[in-house]
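Residues per chain are reported as follows:
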Amino acid sequence: MFEYMIMPFRRYAEFSGRSRRLEYWGFTLLNVIVILLIMAVAMAFGFSFTALSSIEKGADPSLALGSGFYLLMGLIAVYGLAIIIPSVAVTVRRLHDRDMSGWWYLGFIVLGAIPFVGWIANIAFLVILCLPGTAGPNRFGEDPLDPTGAEVFA
């Protein structure tokens, strides 16, 4: 499973080809775990309960967060910038596995910005990402579940 989690980093800016569901969701799980760990460390090192009690007395709310918290939140921002390209690339390849153009991703992003329509578009996009890919080769490449090719026994 870990191999599929880091595979989008090896295929950093590769927008061609296909990616299976395991690769996409493994990469998503890795990103969630990394961000949650950084946030947990940030809260452990940078959150002050004594400063929190002084907020009730009228002190500045930003005093509850120490410099370590802001440093680790900056680390999350850097990590977020580092995963933009691989996450877009793996999403495009996942759409290719469904025999859809990668431009659909941009369409779902634009639709997601529209109130109410965005909820429906996001749910539809989530469903598309959960559906299995097309069996056999399609216009974007060979089936990643069958790397030997479907034409072996033909």
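Before reading further, recall that the structure is shown in the block above.
All values reported here derive from a predicted model rather than from experimental measurement.

*Asks:* Can you explain the packing of aromatic side chains? Please cite residues and give values.
*Replies:* Applying the stated criterion across every chain yields a total of 5 aromatic pairs. Centroid distance phenylalanine 9 to phenylalanine 27: 5.3 Å. Interplanar angle 70 degrees. Geometry classified as edge-to-face. Of the two residues, phenylalanine 9 sits in helix α1 (residues 2–10) while phenylalanine 27 sits in helix α2 (residues 21–46), which places them 18 residues apart along the sequence. Taking the relative accessible area as the measure of exposure, phenylalanine 9 reaches 32% and is therefore partly exposed. Look at tyrosine 24 and tryptophan 25: their rings are 4.9 Å apart centre to centre, the planes differ by 85 degrees, and that puts the pair in the edge-to-face class. A network of ring pairs unites the aromatic residues Trp104, Tyr105, Phe108 and Phe125 as a single cluster.

The rules behind each value
Residue positions are counted from 1 within each chain, in the order its sequence is given. The predicted nature of this model means local features are confined to residues of pLDDT at least 70 and side-chain atom pairs, given and counted, to a pLDDT of 80 or more, with totals for whole chains, interfaces and linings taken over all residues. Side-chain numbers here rest on the full set of heavy atoms in the structure, without hydrogens or water. When the centres of two rings from Phe, Tyr and Trp lie within 6.5 Å, Trp using its six-membered ring, the rings pair. Their planes under 30 degrees apart give stacked, over 60 give edge-to-face, and anything left gives tilted. Helix numbering and strand numbering both begin at the N terminus, where a helix is a DSSP run of H or I of at least 4 residues and a strand a DSSP run of E of at least 2. Three labels apply to residues, based on accessible area from a 1.4 Å probe with only protein chains included: buried if under 20% of the type maximum, exposed if over 50%, partly exposed otherwise in between.

Any functional reading would require information beyond the geometric quantities listed.
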